[in-house]
Amino acid sequence: MGQKKDLTGSEKSKIVRYLAEGCSSLKIAKLLKRDHRTIKRFIQNSQQGRKKRVEKPRHKITAHELRKVKRAAAKMPLATSLAIFQSCNITGVPKSTRCAILRDMAKVRKAERRPPLNKTHKLKHQDWAKKYLKTDFSKVLWTDEMRVSLDGPDGWARGWIGKGQRAPVRLRRQQGGGGVLVWAGIIKDELVGPFRVEDGVELNSQSYCQFLEDTFFKQWYRKKSASFKKNMIFMQDNAPSHASKYSTAWLARKGIKEEKLMTWPPCSPDLNPIENLWSIIKCEIYKEGKQYTSLNSVWEAVVAAARNVDGEQIKTLTESMDGRLLSVLAKKGGYIGR
């Protein structure tokens, strides 16, 4: 018995059209005068999708060339596979093979973000650590601002999508759709704020001081006892609006001056424990790739996330300062990566 002919391209097109019209496989077999099993087999194979791609033999390079690639990858960690192979004078290797070879010895990672520290910065970090080594950090109020956008720090998200499911649609907006500037402080096991900077306000010396007057001083500081105010040390970073002569004189009139105003070393976000609080809040408000449609909604999410941070978490952050100072001294003023 002879082998039956495979379905032609024309027949396959007709099957797809008939299926779209709601015809059953049996009816299609009668219309095309083909065996019912042949029609069913084609429909089943079409629904299963493409066959798995067969891996082709990899372009081979010598052991000597492989060692050269490994050394080049170590020297050029952010270079493309093409640049790495070209630096080794290895040509004619397709991209898929280059990437497969590099995957055997490395993996793609983001570059670490850290402040640029020169020799002067490191010396100032060491001096700062020595100055405050015996400080009671439970009396220090650590403050900072954070900007939150509608779409999150990266403006994109990825995750595990089940087979047969469509990836969720994310909005694409220029500059993350705008954002909200938030100020907060932590002291011992207490969270101060968060307070929202009015939309459209650029924080210069005058607006920063007015903001502190309307929020921090009126809503929190004035409720504290005289003994608390006497012992509290106010920390802020060296942003121009913070470290200006105007702001320093204004804080002095409020009684925050000399030893009550902590000096802060340059390029040192890793030394401020409130940076870790911002990470906790951002992980909460942007979990599962969440986006927001208005500035008010993202602000409400920040407030809700801040309320969920308990006193023990804050205390862990503020009590980490002794260890941070010791790390600064151990690394001779270098970045401690917290």
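Looking at an unreviewed UniProt entry, the chain carries the name Tc1-like transposase DDE domain-containing protein, with the source organism given as Oreochromis niloticus.

Colleague: Go over the overall build of the chain with me, naming the residues and quoting the values.
Modeller: Secondary structure assignment for the chain yields 15 helices and four strands. The 338 residues of the chain split such that 37% are buried. The long-range share in the chain, meaning contacts at least 24 apart out of those at least 6 apart in sequence, stands at 73%. Element-wise, carbon and sulfur atoms account for 51% of the exposed surface of the chain, whose accessible area totals about 22,600 Å².

Colleague: Can you lay out the nonpolar core for me, pointing to particular residues and giving the numbers?
Modeller: Of all hydrophobic cores here, the largest spans 40 residues; its most connected members are Trp 128, Trp 142, Val 148, Met 262, Ile 281 and Ile 285. If you list the elements that add at least two residues to this core, you get helix H7 (119-131), strand E1 (140-149), strand E2 (179-187), strand E4 (233-235), helix H12 (274-285), helix H13 (295-307), helix H14 (311-318) and helix H15 (321-330). Tallying contributions element by element places H13 first for this core, with seven residues. For Ile 281, the residues in contact, after removing those within four places along its chain, are Met 146, Val 302, Ala 305 and Ala 306. The next biggest cluster of nonpolar side chains, apart from the first, holds 21 residues, and it includes Tyr 208, Leu 212, Trp 220 and Phe 234.

Colleague: Run through the packing of H12 against H13, naming residues and quoting values.
Modeller: For any two helices packed against each other, one specifies the crossing angle of their axes together with the interaxial distance. Contact geometry for H12 and H13: axes closest at 9 Å, N-to-C directions at 120°. Regarding the angle of H12 to H13, the classification is oblique. Judged by the twist between their axes, the crossing of H12 over H13 is right-handed. Contacts between H12 and H13 pair Ile 281, Glu 284 and Ile 285 from the former with Ala 301, Val 302, Ala 305 and Ala 306 from the latter. Along the lines of polarity and charge, the residues of the contact of H12 with H13 split into six nonpolar, no polar and one charged.

Colleague: How would you sum up the sheet that holds strand E3 (residues 190-196)? Please name residues and give values.
Modeller: In sheet architecture, strand pairing relies on hydrogen bonds along the backbone and comes in two forms, parallel and antiparallel. Reading across the sheet, the four strands line up as E3-E2-E1-E4 and stay open at both edges, with mixed pairing between neighbours. Two strands in the sheet have a free side with no partner beyond their single neighbour: E3 and E4. Across the sheet, the axes of successive neighbouring strands diverge by a mean angle of 20°, strand direction being ignored. Two strands pair when backbone bridges link them, and E1 and E4 are joined in this way by three bridges, in the parallel orientation. Note on E4: the bridge partner recorded for Leu 141 is Phe 234. Strand contacts of helix H8 (residues 205-219): E1, E2, E3 and E4, with the helix running at about 135° to E3, the strand carrying the most contacts.

Colleague: Give a description of the pattern of salt bridges that names residues and reports values.
Modeller: Applying the stated criterion across every chain yields a total of eight salt bridges. For Lys 254, the salt bridge is made with Glu 213, and the minimal N-O distance between the two is 2.4 Å. One end of the pair, Lys 254, is in the loop between helix H11 (245-253) and H12; the other, Glu 213, is in helix H8, and 41 residues separate them in sequence. Residue Lys 254 is classed as partly exposed on the basis of its relative accessible area of 31%. Between Lys 315 and Glu 319 there is a salt bridge, with the nearest N and O atoms lying 4.0 Å from each other. Lys 315 sits in the partly exposed class, given a relative accessible area of 28%. Take Glu 319: its relative accessible area is 52%, and that puts it in the exposed class.

Colleague: Now, about the pairing of E2: what can you tell me, with residues and values included?
Modeller: Remember that side chains alternate between the two faces of the sheet whenever the strand is regular. Taking burial as the measure, the nine residues of E2 include nine buried ones, the bulk of the element. Of the two faces of E2, both are covered, the one formed by Gly 179, Leu 181, Trp 183, Gly 185 and Ile 187 as well as the one formed by Val 180, Val 182, Ala 184 and Ile 186. The sheet contact formed by E1 and E2 spans eight bridges and is antiparallel. The residue of E2 that forms the bridge with Met 146 is Val 182. Alignment of E2 against E3, held across five bridges, turns out to be antiparallel. When the sheet's bridge partners are listed, Trp 183 is paired in E3 with Phe 195. Between E2 and E3, which follow one another and run antiparallel, lie two residues, and Lys 188 among them has a positive phi close to 55°.

The rules behind these values
What you see as residue numbers is a count from 1 along each chain, following the sequence as written. Whole-chain, interface and lining totals are the exception, using all residues; otherwise, since this is a predicted model, local features are given only for residues with pLDDT of at least 70 and side-chain atom pairs are given and counted only at 80 or more. No hydrogens and no water enter the side-chain calculation; it runs on all heavy atoms of the structure. Counting from the N terminus, the helices are DSSP H or I runs at least four residues long and the strands are E runs at least two residues long. Residue exposure (1.4 Å probe, protein chains only): buried if accessible area is under 20% of the type maximum, exposed if over 50%, otherwise partly exposed. The contact rule is simple, with two residues in contact once any of their heavy atoms fall within 4.5 Å. Areas reported here follow the Shrake-Rupley algorithm with a probe of radius 1.4 Å; residue values treat only the protein chains shown as occluding. The nonpolar core is taken to be a set of buried Ala, Val, Leu, Ile, Met, Phe, Trp, Tyr and Cys residues, with the residues joined through side-chain atoms within 4.5 Å. For helices, the fitted line uses only the C-alpha atoms of the stretch in contact; every axis is such a line through C-alpha atoms, and the angle between N-to-C directions lies from 0 to 180 degrees. Here roughly perpendicular refers to angles of 65 to 115 degrees, roughly parallel to angles under 35, roughly antiparallel to angles over 145, and oblique to all remaining angles. Here a crossing is called left-handed whenever its near helix is offset anticlockwise from the far helix by less than a right angle, and right-handed whenever the offset is clockwise. For this scheme, ten residues count as nonpolar: Ala, Val, Leu, Ile, Met, Phe, Trp, Tyr, Cys and Pro. Four count as charged, namely Asp, Glu, Lys and Arg, and the remainder, Gly too, count as polar. Strand pairing is assigned whenever DSSP identifies at least 2 bridges connecting the two strands. Salt bridges are defined by distance alone: a side-chain nitrogen of Lys or Arg within 4 Å of a carboxyl oxygen of Asp or Glu.

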